[in-house]
Amino acid sequence: MSFADLIKPHKLAPGDKVAIISPSWAGASVYHDRYSAGIKQMEDEFGLIAVEAPNSMIDARENADNPQKRADDINWAVKNKEIKAIIPVIGGDDAVRLLPFLDYKAIRNNPKILLGYSDGTVLHLAFLHAGVRSIYGPAIMAGGFAENGGMFDYFKNSVRKTLFSTDIIGKIEPNMDGWTDEELPWRDPQNQSIKRKLKKSTGNKVLLQNGKVQGHLFGGCIEVLEMLKGTPVWPEKEFFNDAILFFETSEEAPSIDYVVRVLRNYAATGILQKANGIIIGRGASLPENEMDRYDQAFLHVVQKECHLNIPIISQMDFGHTDPMFLLPYGAKAEIDSSNGSFSILESAVI
């Protein structure tokens, strides 16, 4: 499947119904107050109507034991003519078990917006395999919609530009108001009204400068992408020609050695050599200065081991820190490493 062949889903409008699914962990059954807050904030801000998929609210144990039920919810959502988008409750660690049960023909014949990040990377590659563009972005309980004390303006603006408009998305400015990965325990409902503390943002960080490049977007959570290599949904090598790769790490904060070994795999398979550039999301749950060590790991493999001179920008506002901006798979994008800017050169939707 070529990125040029990807089908764009239709944009959202207030009043549209969106399916809520639990493709990984059934978090809503454990932290229902957090889930309810995310649904309310999404509906109030964007005018969307949440529709729970048939199995989305089942007990966490039953959900874990039944990957086919979780896949059935996705198949139901894509076939349901009233549903305009699909949004996961939260991520997890085993959505890869859904792949044999997904109806890829139905996904292609009923292109709809799919959101999600982290373990949601699995579903994005499934939609990519079916030929449909999806969007790396929020879930209901984490990643934006259920933000403590209300959603960030930066996030809301990205949602509107990406999901509710057919205009070119354009330049993605860094959020200079600050960022957060603070954990306020969801088990205490009172924490939902407490704003999380923001850390100072220094903006995009240019690691490797080599002018201006363009390419189509592909990526996700590094650890989840590793689960997908070798599966039927992993793209053919040609897909990576002229790609701009986007990578981010989960809240489990994998070691520097792990990141280096993963990147060496991308080099050994020729993917790094085919790419035009790389953008890196800000790491979550990292000790002070650990993000700098991640940056050096990327530089070491790309520049020192592979002798490549492709632009790399890190510490960007997507992934496991908040607020985040949204990234449409396959969309044409541009890195200008002379000033550290990043732009998406088309719309995500039609």
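The structure presented is a predicted model; accordingly, all values stated were derived computationally and were not measured.

Caption draft 1: Just the packing of aromatic side chains, in detail. On inspection of all chains with the given rule, the structure shows 21 aromatic pairs. Between Phe246 and Tyr329, the aromatic rings sit 5.4 Å apart at their centres with planes inclined by 65°, giving edge-to-face as the arrangement. Here Tyr329 lies in the loop between β12 (327-328) and β13 (332-336) and Phe246 lies in strand β9 (residues 243-248), a separation of 83 residues in the sequence. Here Tyr329 falls in the buried class, since its relative accessible area comes to 1%. Look at Phe325 and Phe342: their rings are 6.2 Å apart centre to centre, the planes differ by 35°, and that puts the pair in the tilted class. Taken as a pair, Phe325 in the loop between β11 (312-316) and β12 and Phe342 in strand β14 (residues 341-344) lie far apart in primary sequence, 17 residues in all. Taking NZ or CZ as reference, Lys195 lies 6.0 Å from the ring centre of Phe152, over its face. Looking at Lys229, its charged tip hangs above the ring of Tyr266, at a distance of 3.7 Å from the centre.

Caption draft 2: Region of the structure containing the packing of helix α8 (residues 256-268) against helix α10 (residues 290-305). It is the contact of α8 with α10, at a shortest axis distance of 10 Å, that shows an interaxial angle of 30°. By the angle between their directions, the pair α8 and α10 is classed as roughly parallel. Crossing handedness for the pair α8 and α10: right-handed. Of the residues in α10, those in contact with Ile256, Val259, Val260, Leu263 and Arg264 of α8 are Glu290, Arg293, Tyr294, Ala297, Phe298, His300, Val301 and Glu305. Residue classes in the contact of α8 with α10 are distributed as 8 nonpolar, 1 polar and 4 charged.

Caption draft 3: Representation of the environment of Gly330 within the structure. Its location among the elements puts Gly330 in the loop between β12 and β13. Classification of Gly330 by relative accessible area gives buried; the value is 2%. Between the C-alpha atoms of Gly330 and Asp119, which are 211 residues apart in sequence, the distance is 19 Å. Apart from residues lying up to four places away in sequence, Gly330 is in contact with Phe3, Leu6, Arg133, His216, Leu217 and Glu346.

Caption draft 4: View of the sheet that holds strand β1 (residues 17-21). Pairing is parallel in the open sheet, where 4 strands are placed in the order β2-β1-β3-β4. Every interior strand has two partners, whereas the edge strands, β2 (49-52) and β4 (113-114), have only one. Taken together, the 4 bridges between β1 and β2 define a ladder with parallel strand orientation. Each residue of the ladder has a partner; that of Ala19, found in β2, is Val51.

Caption draft 5: Structural view of helix α1 (residues 32-46). Spanning 15 residues, α1 covers 21 Å between terminal C-alpha atoms, matching the ideal 21 Å at 1.5 Å per step. The set of residues buried in α1 consists of Arg34, Tyr35, Ala37, Gly38, Ile39, Gln41, Met42 and Phe46.

Caption draft 6: Examining the nonpolar core more closely. The biggest cluster of nonpolar side chains holds 115 residues, and the ones touching the most others in it are Phe218, Leu245, Leu272, Ile278, Leu327 and Phe342. Every residue in contact with Leu245, bar those within four places of it in the chain, is listed here: Phe218, Phe240, Ile271, Leu272, Ala275, Gly277, Ile278 and Ile279.

Caption draft 7: Layout of unusual backbone geometry. Here the amide bond leading from Asp322 into Pro323 is cis, since omega sits at -5°, within 30 degrees of zero. You can see Pro323 is positioned in the loop between β11 and β12. A positive phi angle, close to 50°, is found at Ala253, a residue other than glycine. Within the secondary structure layout, Ala253 lies in the loop between β9 and α8. Here the phi dihedral of His307 falls at roughly 55°; this positive angle occurs in a residue that is not glycine. Residue classification places His307 among the exposed residues on the basis of a relative accessible area of 67%.

Caption draft 8: Structural context of the pattern of salt bridges. Counting across every chain of the model gives 23 salt bridges. For Arg133, the salt bridge goes to Glu346, with nearest N and O atoms at 3.3 Å. Pair noted here: Arg133 is in the loop between α5 (121-130) and β5 (135-136) and Glu346 is in the segment after β14, with a separation of 213 residues, a long-range link. Accessibility assignment for this pair places Arg133 and Glu346 in one class, buried. With a closest N to O distance of 3.3 Å, Arg293 and Glu290 form a salt bridge. Here Arg293 and its partner Glu290 are both found in helix α10, 3 residues apart, which amounts to about one turn of the helix. Residue classification places Arg293 among the partly exposed residues on the basis of a relative accessible area of 46%. By relative accessible area, which is 16% here, Glu290 ends up buried. One connected set of salt bridges, linked through shared partners, spans Glu45, Asp153, Lys156 and Arg160.

Conventions adopted
Residues numbered from 1 in each chain as written. Predicted model: local features only at pLDDT ≥ 70, side-chain atom pairs only at ≥ 80, totals over all residues. Heavy atoms only, no water. Phe/Tyr/Trp six-rings, centres within 6.5 Å; stacked < 30°, edge-to-face > 60°. Helix = DSSP H or I, 4+ residues; strand = E, 2+ residues; numbered from the N terminus. Buried < 20%, exposed > 50% of the residue type's maximum accessible area, 1.4 Å probe, protein only. Lys NZ or Arg CZ within 6 Å of the ring centre and 35° of its normal. Axes fitted to C-alpha atoms, helices over the stretch in contact; angles between N-to-C directions. Parallel < 35°, antiparallel > 145°, perpendicular 65-115°, else oblique. Left-handed = near helix turned anticlockwise from the far one by under 90°. Contact = heavy atoms within 4.5 Å. Nonpolar A, V, L, I, M, F, W, Y, C, P; charged D, E, K, R; others polar. Pairing = 2+ DSSP bridges. Expected span 1.5 Å × (residues − 1). Core = buried A, V, L, I, M, F, W, Y, C linked by side-chain atoms within 4.5 Å. Salt bridge = Lys/Arg side-chain N within 4 Å of Asp/Glu carboxyl O.

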